[in-house]
Amino acid sequence: MRVRMANKTKPNSAGRPSIVTILVGSLVLFLLPTIAIVAAFIYEIQRSETNQTLQYLETEARSLSNGISNEINEAQLFMRLARRALTPLIERGDRTGCEAVAAELEDGEGTLKRFYVTDSSGTVVCTADTALSGESIASTSAFEALRLGGRLFMGAPTLGPNNRPTAPLALSWRAPDDSFAGVVGAEIDLAVVLAKVRSGYALPESVVMMTDSTGVILAQIPDPGGSIGSQAKTGPGAPFVDGIERDWSQQQIPLGGDLLTLSVGVPRSILEARTAQVAWWIIASLAAILVVAVILGLWLSSYFVRRPVRALVGAADKLGSGDRSARAGSVGGARELATLGGAFDHMAANLDAREEENERYRGALEEARDDLEARVKERTQELALMTRKAEDRADTVERRFDQEIRLREIVTLIQASKDLEESAEILRARMQDLFPGTRGSLALFAETRSELETVARWGEQDAFAETFTPDACWALRLGSAHRSGRHGVGNPRCRHIEDPELDVICAPILVQGEARGVISVDLSKMTEEMIGRDGERAMSTLETAAASIGIALYNVRLRGALRAITIRDTLTGLHNKRFADDVVAKEMARSRRSHQPVTLVRIDIDRFKAINDEFGFEAGDAVLREMAGLIEHFFRYEDVCSRYGGQDFLIVMVGATKIDAIRRCNTLRGRLNDHNYFYRGMALPRITVSIGIATFPDDGSSEDAIVAAAEAALSTAKHDGRDRVAAAPGAAPPEQPAPFSTETEATDSPKSDGA
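Computed from a prediction, not measured in an experiment: that's the story for all the values here. (Residues numbered from 1 in each chain as written. Predicted model: local features only at pLDDT ≥ 70, side-chain atom pairs only at ≥ 80, totals over all residues. Heavy atoms only, no water.)

## Structural notes on the sheet that holds strand β8 (residues 217-221)
Here is step 1 of the chain: One open sheet holds the four strands; their spatial order is β8-β7-β10-β9, and the pairing between them is antiparallel. Looking along the sheet, the strands with just one partner apiece sit at the ends: β8 and β9 (246-255). This sheet shows a mean twist of 15° between the axes of neighbouring strands, independent of strand direction.
Here is step 2 of the chain: Direction of pairing for strand β7 (residues 207-211) relative to strand β10 (residues 258-267): antiparallel, over a ladder of five bridges. Bridge pairing in β10 places V208 opposite V264. (Pairing = 2+ DSSP bridges. Helix = DSSP H or I, 4+ residues; strand = E, 2+ residues; numbered from the N terminus. Axes fitted to C-alpha atoms, helices over the stretch in contact; angles between N-to-C directions.)

## Things to note about the pattern of salt bridges
Here is step 1 of the chain: A complete count under the given rule lists 22 salt bridges for this structure.
Here is step 2 of the chain: A salt bridge links R495 to D471, with the nearest nitrogen and oxygen atoms 3.3 Å apart. With a gap of 24 residues between them, R495 in the loop between β14 (482-485) and β15 (503-511) and D471 in the loop between β13 (467-468) and α10 (474-478) connect regions that are remote in the sequence.
Here is step 3 of the chain: According to the relative accessible area criterion, R495 is exposed, its value standing at 52%.
Here is step 4 of the chain: Each of D604, D606 and K718 takes part in a single network of salt bridges with overlapping partners. (Salt bridge = Lys/Arg side-chain N within 4 Å of Asp/Glu carboxyl O. Buried < 20%, exposed > 50% of the residue type's maximum accessible area, 1.4 Å probe, protein only.)

## Considerations on unusual backbone geometry
Here is step 1 of the chain: In this structure, the amide linkage connecting F696 to the following residue, P697, adopts the cis form with an omega of 10°.
Here is step 2 of the chain: Checked against the element boundaries, P697 lands in the loop between β22 (689-696) and α17 (703-719).
Here is step 3 of the chain: The backbone of R607 shows a phi angle near 50°, a positive value even though the residue is not glycine.
Here is step 4 of the chain: With respect to the secondary-structure elements, R607 resides in the loop between β17 (598-605) and α14 (608-615).
Here is step 5 of the chain: Here R607 falls in the exposed class, since its relative accessible area comes to 55%.
Here is step 6 of the chain: At R680, a residue that is not glycine, the phi angle is positive and equals roughly 55°.
Here is step 7 of the chain: Examined against the element boundaries, R680 turns out to sit in the loop between β20 (678-679) and β21 (682-683).

## Things to note about the packing of aromatic side chains
Aromatic rings in a pair are described by how distant their centres are and how their planes are angled relative to each other.
Here is step 1 of the chain: As enumerated under the stated definition, the model contains two aromatic pairs in all.
Here is step 2 of the chain: Arranged with centres 5.6 Å apart and planes meeting at 75°, the rings of F143 and F180 form a pair that is edge-to-face. One end of the pair, F143, is in helix α4 (residues 141-147); the other, F180, is in strand β6 (residues 180-189), with 37 residues separating them in the sequence.
Here is step 3 of the chain: Residue F143 is classed as buried on the basis of its relative accessible area of 3%. (Phe/Tyr/Trp six-rings, centres within 6.5 Å; stacked < 30°, edge-to-face > 60°.)

## Quick look at the packing of α14 against helix α15 (residues 617-634)
Here is step 1 of the chain: Where α14 contacts α15, the axes come no closer than 6 Å and their chain directions differ by 135°. Between α14 and α15, the crossing angle belongs to the class labelled oblique. Contacts between α14 and α15 pair F608, I611, N612 and F615 from the former with F617, A619, G620, V623 and L624 from the latter.
Here is step 2 of the chain: Considering only residue class, the contact of α14 with α15 consists of seven nonpolar, two polar and no charged. (Parallel < 35°, antiparallel > 145°, perpendicular 65-115°, else oblique. Contact = heavy atoms within 4.5 Å. Nonpolar A, V, L, I, M, F, W, Y, C, P; charged D, E, K, R; others polar.)

## Comments concerning the layout of surface pockets
Here is step 1 of the chain: Estimates place the volume of the largest pocket at around 1,500 Å³.
Here is step 2 of the chain: The biggest single contributor to the lining of the largest pocket is helix α12 (residues 536-567), with 13 residues.
Here is step 3 of the chain: Its residues assigned to classes, the lining of the largest pocket shows 19 nonpolar, four polar and 20 charged. (1 Å grid on protein atoms, 1.4 Å probe; cavity = no way out; pocket = protein on both sides within 12 Å on 5 of 7 lines; lining within 4 Å. Points joined across faces, edges and corners; volume = space filled by probe spheres on them.)

## Focus on the state of the cysteines
Here is step 1 of the chain: Going through the model one piece at a time under the given rule, you end up with one disulfide.
Here is step 2 of the chain: Across the disulfide from C98 sits C126; the S-S distance is 2.0 Å. An S-S torsion of about -105° defines the bridge between C98 and C126 as left-handed. With C98 in helix α3 (residues 95-106) and C126 in strand β2 (residues 124-127), the pair connects residues that are 28 residues apart, well separated along the chain. When sorted by exposure, C98 lands in the same class as C126, which is buried. (Disulfide = S-S within 2.5 Å.)

## Re the side chain of T688
Here is step 1 of the chain: Secondary-structure assignment places T688 in the loop between β21 and β22.
Here is step 2 of the chain: Polar contacts involving the side chain of T688 include one to the side chain of D606, which spans 2.8 Å.
Here is step 3 of the chain: Once you skip the residues sitting within four places of it in the chain, T688 turns out to touch D604, I605, D606, N673 and D723. (Polar contact = N/O pair within 3.5 Å; in protein donor to acceptor, adjacent residues only side chain to side chain.)

## Thoughts on the pairing of β8
Two faces make up the sheet, and in a regular strand the side chains alternate between them.
Here is step 1 of the chain: When you tally the buried positions in β8, you get four out of five residues, the bulk of the element.
Here is step 2 of the chain: Here β7 folds back onto β8, and the loop between the two strands holds five residues, one of which, G215, carries a positive phi near 90°.

## Regarding the side chain of D522
Here is step 1 of the chain: Take D522: it is sitting in strand β16 (residues 514-522).
Here is step 2 of the chain: For D522, the side chain forms a polar contact with the main-chain nitrogen of D503, separated by 3.4 Å.
Here is step 3 of the chain: Here D522 is in contact with T438, R439, F464, L502, D503 and V504, once residues within four sequence places are set aside.

## A word on α17
Here is step 1 of the chain: Here α17 is 17 residues long and its end C-alpha atoms lie 24 Å apart, about the 24 Å a rise of 1.5 Å per residue gives.
Here is step 2 of the chain: For α17, the complete set of buried residues consists of I706, V707, A709, A710, A713, L714 and A717. The buried residues of α17 occupy one face: seen down the axis, they fall within an arc of 155°. In α17, those exposed residues whose orientation departs by more than 90 degrees from the buried face are D704 and H719.
Here is step 3 of the chain: Turning to α17, the residues buried within the fold contact α13 (577-594), β17, β19 (648-654), β22 and β23 (725-727). (Expected span 1.5 Å × (residues − 1). Arc of directions from axis to C-beta.)

## Considering the sheet that holds β17
Here is step 1 of the chain: Sheet architecture is open: five strands sit in the order β18-β19-β17-β22-β23, paired in mixed fashion. Edge strands, defined here as strands with exactly one partner in the open sheet, are β18 (640-643) and β23. The average undirected angle you get between the axes of adjacent strands in this sheet is 20°.
Here is step 2 of the chain: Along the sheet, α15 makes contact with β17, β18, β19 and β22, crossing β19 at roughly 10°.
Here is step 3 of the chain: Relative to the sheet, helix α16 (residues 658-674) contacts β17, β19, β22 and β23, its axis offset from that of β22 by approximately 165°.

## What to know about the confidence of the model for the chain
Close inspection of predicted coordinates is inappropriate in any region flagged by low pLDDT.
Here is step 1 of the chain: Taken as a whole, the chain shows an average pLDDT of 77; of its residues, 79% reach a score of 70 or greater.
Here is step 2 of the chain: Counting contacts from residues 1-14, a segment whose pLDDT is below 50, to residues more than four positions away or on other chains yields three contacts.
Here is step 3 of the chain: Across residues 731-755, where pLDDT falls below 50, the model places 41 contacts with residues more than four positions away in sequence or in other chains. (pLDDT = per-residue confidence, 0-100.)

Here it is, written out as structure tokens:
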């Protein structure tokens, strides 16, 4: 019986392949199409890398072309600013000052070189280049085009000395009557322009070349030497001077009637190296996959086939020997073998075994249900946490967006302000919009840069020092935001914070890498949400505000400095004639609306030529400077003092009647006459002044008329013997007081007395 069962169950395996043979064959059939696909993939990657490199070359050339155009536009704008700075000096005859300004404009590695200014005949009257001084450019196309009414001239590029490519750039400058007065010109150094834009865009391995319309090389980077002025070779695969084959991309730039060509080349070896690197990486990956697949196949064969088969054979042997309780159990392995083991156990199991199996299934189902419920609960909690985080991020983004809008509004207002005082008012009014409930200050470096001055405060006013040295602030030392006070654990406290209990963050104001000031904010009354973990959120906001506000304040200060150049007399520091004429016109217009008088006072130094002839022009300049200081200090803050000519001063007294002006001018005349003037330790002779007075609208109804009336009154004072005050007709005769003494003028005060 037992033998018959064995014969019936013995399989007939003759002629059948082994499982290992089947696995190896399947692996081979799998690898053949995989290798073909990988080969096609390598070819496609190689073609894609080539196309991407060529597209990048075209984009690189376009970016460089745009950068060169922007540099040329900036050069034209800079030329207009240079014209605004140079022409007033030429109009005043200050050739030395003009040459000094021209030298400062050429200082450094700038785009513009060889600044010059000509008169209407084309003769160079101002330049820092001694080779150009006194030369005539009347025969040049630039001068002829500007003389005929042109405003801007841009010439074609050429190769100058030392093979430097330059392009002429010139602007006309006009006299006050809008007639042609001359030319302000310079040369654009195209090599500097190309170097600037290449440093910001080009690949380190690339070659950038600029050629003219005939293909002659004007500039190239890098320049091994000997190529400037030669014919360019930029065809596909054309080699550079170093012999390396390159692929090229070109862009054309119109300049001064010529058409420049900008070429960018990259070595072909870079493309080949990248393609080879990708191919070797794929081959290595394929080999690794093959090795792993073979090892995995052998392990799977052992785990899923041989071990289950041995277990089944052992159970079958026990059953054949008469052991009815023999079971195959959980043999594992492949699905077919597991099914065979289950069928074997099913054949030998009884009803009790079936019931036990059913119980196991029910227990497994309960366990799976509990596990599923636990997973659903855990996933629900995760989703709730993710929702809260998303809401927090949305609030943070909204808050930052709101802060950016407020910061842009503050910066816009500062940029529109006319001076630092208006900017300080804006900061005092708007900084609490950016940092609600806080107090703080903004300090800027003084002109000497030896200390900082607080120009704006908001919130409580007694928390920060009015002035302090740069080493008193750790943010200026470190060049980054610094937190000090009771929450800045381990951080040194800034000495310009007068209250040690404050929690303050300081951020330096950096412009072009140089510290210009510092912004300090007290965080004591800010919420933890606004401050952030360890103050990082407040630090980030303050650093952003310092960067934006610092650039805006720097621009305001720069505009003020440029404006001071155009409205101030360089010798005396008073306003110049142009500014005085503008003030007269504005005050007369305001007087017509308010019906308040405006009085003009002309002061002229008697026998000033004799001082220059006897003691020299430097002594005369010293007298002008000292007298200008006395005059400016004497008059009120709202009165405008200006140097109107050589030794002639004009004072615009707003709201002063002629009688008031006569009284004040007699007092001034006495003080000026009794003042002792010294030059290099030597006392100068007694100096007297003559003064003419005219009042609007009594002595004239227009600007020219009132200025002429004041000048006529001055002429009357000169004609009557000098050293006196004369008023235009219609005024009460001026009182000529006795020689000035401190006792008679004890009740008078200097400029701030409000008289």
